[in-house]
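Observations on the model geometry
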Amino acid sequence: MMEPIKLTTPVSREFACSLEAGTPVSIDGELLALRDRAHSCLIEILRAGERPPFELDGALILYASPTPAKPGKIIGSIGPTTSLRMDPFTPELLAAGVRGTIGKGPRGGSVVEAMIEHGAVYLAVTGGIAALLAKKVISCKTVAFEQLGPEAALRLEVRDFPAIVAQDCRGGNLYKMDHKSINKPQED
Amino acid sequence: MRSIQASKVVDAVEKLCCTAASVLPCDVRTGIDKALKEETSAVASGILGQILENIELAERNGDPLCQDTGFSVFFVKLGREVLVEGGDLNSAIAEGVARGHINGYLRKSIVRDPLDRTTNTGDNTPPVIWLELAPGDRLEIIYAPKGGGSENMSRIAMMKPTDSAEAVEDFIVDSVIEAGGNPCPPVIVGVGIGGTFEKCAFLAKKALLREIGSRNESGFYSAIEQRLLARINETGIGPMGLGGRTTALEVFIEVHPCHIASLPVAVNMNCHCARHGKVVL
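Quantities reported herein were computed from a predicted structural model and do not represent experimental measurements. (Residues numbered from 1 in each chain as written. Chains lettered and ligands numbered in written order. Predicted model: local features only at pLDDT ≥ 70, side-chain atom pairs only at ≥ 80, totals over all residues. Heavy atoms only, no water.)

1. Some words on the interface of chain B and chain A
For the record, the criterion: For this analysis, residues touch if any pair of their heavy atoms sits within 4.5 Å. A 1.4 Å probe defines the accessible area here, and the buried area is the portion of it lost by two parts on being joined, summed over both. In the sections that follow, a salt bridge refers to a side-chain nitrogen of Lys or Arg positioned within 4 Å of a carboxyl oxygen of Asp or Glu. By the criterion applied in these results, polar contacts are pairs of N or O atoms within 3.5 Å in which, for protein atoms, one can donate a hydrogen and the other can accept it, and in which residues neighboring in sequence qualify only through two side-chain atoms. Every helix listed is a DSSP run of H or I at least four residues long, and every strand listed is a run of E at least two residues long, numbered separately from the N terminus. Throughout this entry, Asp, Glu, Lys and Arg are counted as charged residues, while Ala, Val, Leu, Ile, Met, Phe, Trp, Tyr, Cys and Pro are counted as nonpolar. The remaining residues, Gly among them, count as polar.
With 47 residues of chain B at the interface, the matching set in chain A holds 45 residues. Between chain B and chain A lies a buried interface of about 3700 Å² when both sides are counted; carbon and sulfur atoms form 57% of it. Looking at the side of chain B facing chain A, the largest losses of area belong to Gln67(B), Tyr105(B) and Leu242(B), adding up to 19% of the total buried there. Inspection of the chain B/chain A interface yields 1 salt bridge. Residue Asp63(B) is joined to Lys70(A) by a salt bridge in which the shortest nitrogen-to-oxygen separation is 3.0 Å. One can count 15 residue pairs in polar contact (both at pLDDT 80 or more) joining chain B with chain A. Those elements giving two or more residues to the side of chain B that touches chain A turn out to be α3 (42–61), α6 (165–179) and α8 (219–234) of chain B. When residues of the side of chain B that touches chain A are assigned to their parent elements, the largest contribution, 10 residues, is made by α3(B). Per-class residue counts for the side of chain B that touches chain A are 18 nonpolar, 20 polar and 9 charged.

2. Some words on the environment of Ala124(A)
Mapped onto the secondary structure, Ala124(A) falls in strand β5 (residues 121–124). Ala124(A) sits 41 residues away from Ser83(A) along the chain, and the two C-alpha atoms are 9.2 Å apart. Excluding its chain neighbours within four sequence positions, the residues that come into contact with Ala124(A) are Gly103(A), Ala163(A), Ile164(A), Ala166(A), Tyr175(A) and Leu242(B).

3. Quick look at the state of the cysteines
Note the cut-off: When the sulfur atoms of two cysteines come within 2.5 Å, that pair is taken as a disulfide.
Summed over all chains, the structure comprises 0 disulfides over all chains. There is no disulfide at Cys140(A), and the cysteine sulfur nearest it, in Cys66(B), is 16 Å away.

4. So, the domain arrangement of chain B
For interface size, the figure often reported is the accessible area lost on association. Residues and elements named next belong to chain B. Condition: Those domain boundaries reflect an automatic or database domain assignment.
Domain annotation for chain B reports domain 1 (2–20 + 65–145) and domain 2 (148–273). A C-alpha centroid distance of 26 Å is found between domain 1 and domain 2. With 8 residues of domain 1 in contact, the opposing surface of domain 2 contributes 7 residues. Roughly 600 Å² is buried in total at the junction of domain 1 and domain 2, and carbon and sulfur atoms are behind 78% of that figure. If you sort the residues of domain 1 by the area they bury against domain 2, Asp68, Phe75 and Trp130 come out on top, with a joint share of 53%.

Below you can see the structure in the form of structure tokens.
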């Protein structure tokens, strides 16, 4: 596989748009870890016209919630959850300045359109490798929605966090979506 | 009668929860290893390599393999000559789950009410317990924590009794295709065919416990398992849905006699992180 491109946060529109589906990336900087209910809470704040509890401009959102940290550790195991459950919320967040989302599994049509419109990228991370990914986290802080327990919003600082551009802002898509017509051996 | 103290069950379940979260069964690891050798795509090989690295790291450090330490599902065989003393069996298992998740720093992923989702039970209880009575004086407890991502991709169809075996196979393959990259492929596909609605779903879940490489005892169903595995891997969905030869590590079918009017078929997906463990008391 080709050498990963270094991706640092905050991410500019220009940089996000330079990334093509299939390109491996290595992330340095901050990720917002948000999942289902944190999304509902955040959208409610945005729709009320209030200021979000963390900066969204140029931000990358990771769909994840870790296991609790053992004593003396920065974080427990952490990895991506299924992105499609966040699809209903994503266009509004991209409109609010979020530059990229990170999870597992493909994104639906409305997200693809919003990515093209706002110049954002979708990165896939391997699921079920949470002990390995935890080693890439150098700090972890709860930044909002503490009442959600395991679903609270976290700010993670990561170094060399491995991902791959799965869907880019030109509609490029690494997921092979049309399996019904290709239910036969594939060229690799 | 042979008596077993409920406290022994609590201790055994606590330990089982912690071990299963960080140590993947050998057969699953071997299956992923074998898949890596057969992959030709760089992306797919990279993903399988990460999975194997994670397995090593998690076991060495005793850390959870996946942040989703799952719904706590148990398959229990209670010998007829066993008497659990000092508490009841279900409560002892639940207590073990609570202790395992609190003391083992596992994620608490269960909300009290499925529609009012504001309250987490705080200790990953209640577990789902499937109790079976068996001959003998042993108590066997199998623990199979089940992640939400793969569980969400599971399906059941009440097919027509006149539907062909081919139609059943198509439903199973379509379920895997529709799931795509979401259930963390390479998946293990558990299939139940026959019985009632709930029995069929139970069989699909139970099928996931089989050892990688094992085949259904019936030659007929064994052939279907192998045919389905080949078809699923020919879809090219690949590890994490990003393309490749390995979409499933196994297809396991379990069957049950059926009503003349019915043909239920259930597909329960497990992610590559197919954790389970067993203790016999």
